[in-house]
Amino acid sequence: MAKKQTDAVAQTILHRIENGSLMPGDLIEEKDLIEACNVSRTPVREALIQLEADGLVVRHPRKGVTLFHPNTDQFLAILEVHATLEAQAAELAAERLSPEMANVIEECTRNCEAFAESADPDQHTTYYNLNRLYHAAIADACCNPYLLEMIKLNARKLMAHYRLRYRTAGAIEKSAKEHREITDMICARDSAGARAHMLAHFNYERETVMHMIASVR
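Residues numbered from 1 in each chain as written. Predicted model: local features only at pLDDT ≥ 70, side-chain atom pairs only at ≥ 80, totals over all residues. Heavy atoms only, no water.

**Here's the deal with the environment of His69**
Tracing the backbone shows His69 in the loop between β3 (64-67) and α4 (72-96). Linking His69 and Pro24, residues 45 residues apart in sequence, is a C-alpha distance of 4.5 Å. (Helix = DSSP H or I, 4+ residues; strand = E, 2+ residues; numbered from the N terminus.)

**Quick look at the pattern of salt bridges**
Once their charged atoms are close, side chains differing in charge can pair, the charge on each being opposite to the other. This structure, assessed with the given rule, holds 14 salt bridges. Two residues, Arg41 and Glu30, come together in a salt bridge whose shortest N-O distance is 2.9 Å. Note that Arg41 is positioned in helix α3 (residues 41-53) and Glu30 in helix α2 (residues 30-37), a separation of 11 residues in sequence. Here the salt bridges do not stand alone but share partners, grouping Glu106, Arg110, Glu113, Arg180 and Asp184 into one network. (Salt bridge = Lys/Arg side-chain N within 4 Å of Asp/Glu carboxyl O.)

**Focus on unusual backbone geometry**
Despite not being glycine, Arg62 shows a phi value in the positive range, around 65°. Topologically, Arg62 is positioned in the loop between β2 (57-60) and β3. For Arg62, a relative accessible area of 84% puts it in the exposed group. At Cys143, a residue that is not glycine, the phi angle is positive and equals roughly 60°. Within the element layout of this structure, Cys143 appears in the loop between α6 (124-141) and α7 (145-165). (Buried < 20%, exposed > 50% of the residue type's maximum accessible area, 1.4 Å probe, protein only.)

**Some remarks on the pairing of β3**
When strand β1 (residues 27-28) meets β3, the two strands line up antiparallel, connected through 2 bridges. Bridge pairing in β3 places Ile28 opposite Val65. One ladder, built from 4 bridges, connects β2 with β3; its direction is antiparallel. Looking at β3, one finds that His60 is bridged to Gly64. Between β2 and β3, which pair antiparallel in sequence order, lie 3 residues; one of them, Arg62, sits at a positive phi of approximately 65°. (Pairing = 2+ DSSP bridges.)

**Focus: the sheet that holds β3**
As summarised here, the arrangement of the 3 strands in space is β1-β3-β2, forming an open sheet in which the pairing is antiparallel. Each having just a single partner strand, β1 and β2 make up the two edges of the open sheet.

**With respect to the nonpolar core**
Considering soluble globular proteins, one finds that nonpolar side chains tend to be buried as a cluster. Counting 67 residues, the largest nonpolar core has Val9, Ile13, Leu79, Ile105, Ile138, Tyr162 and Ile186 as its most contacted members. Per element, the largest residue contribution to this core is 11 residues, and it comes from α4. Apart from the residues lying within four places of it in its own chain, the contact partners of Ile105 are Leu97, Tyr134, Ala137, Ile138, Ala141, Thr183 and Ile186. (Core = buried A, V, L, I, M, F, W, Y, C linked by side-chain atoms within 4.5 Å. Contact = heavy atoms within 4.5 Å.)

From the geometry alone we can't say anything about function, so treat these as descriptive.
Have a look at this one:
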């Protein structure tokens, strides 16, 4: 029971990270989690310890716990690792692609392309969710659960930055175009091409990186 309650609290925090209701630097209120999850203080504290070990939250002496907010050097380092993990997933997906996963990836790609036709920056959160589903499909297709968990962990550290990136003019169209290129490589079972295109997909120019960091300050 105790582990289930701890997991429930952790999942509540992760869901808030993913939907944007909890942003980098935000204070995580224990009382709020106790009420939201209908648990005692112990599972909340155990969940925070678990997430702290994962690098998702930061404990401040006498000031509570906040969601991890990377500085510029940390952001670039995490992005570098995340790009490599995503590239590895794309490479393995191309090698291990099943007909079912090919259909899922193609559907996700078309959904991104369809949204990009309107490219309304005011709806950037909608595209962010489509983008998240696209990358999740590729991660699933790589058939490596350990790699999948590593991708999820790194992505959660940068989710707020990714979400706000799509407010930038042209970002949605560029993303959808690159998704098509990656998908074509995966479906052609060109593992080297899939890896190269995914790495390029995360090779943001410095101006974009600085904008992503500044957007959540």
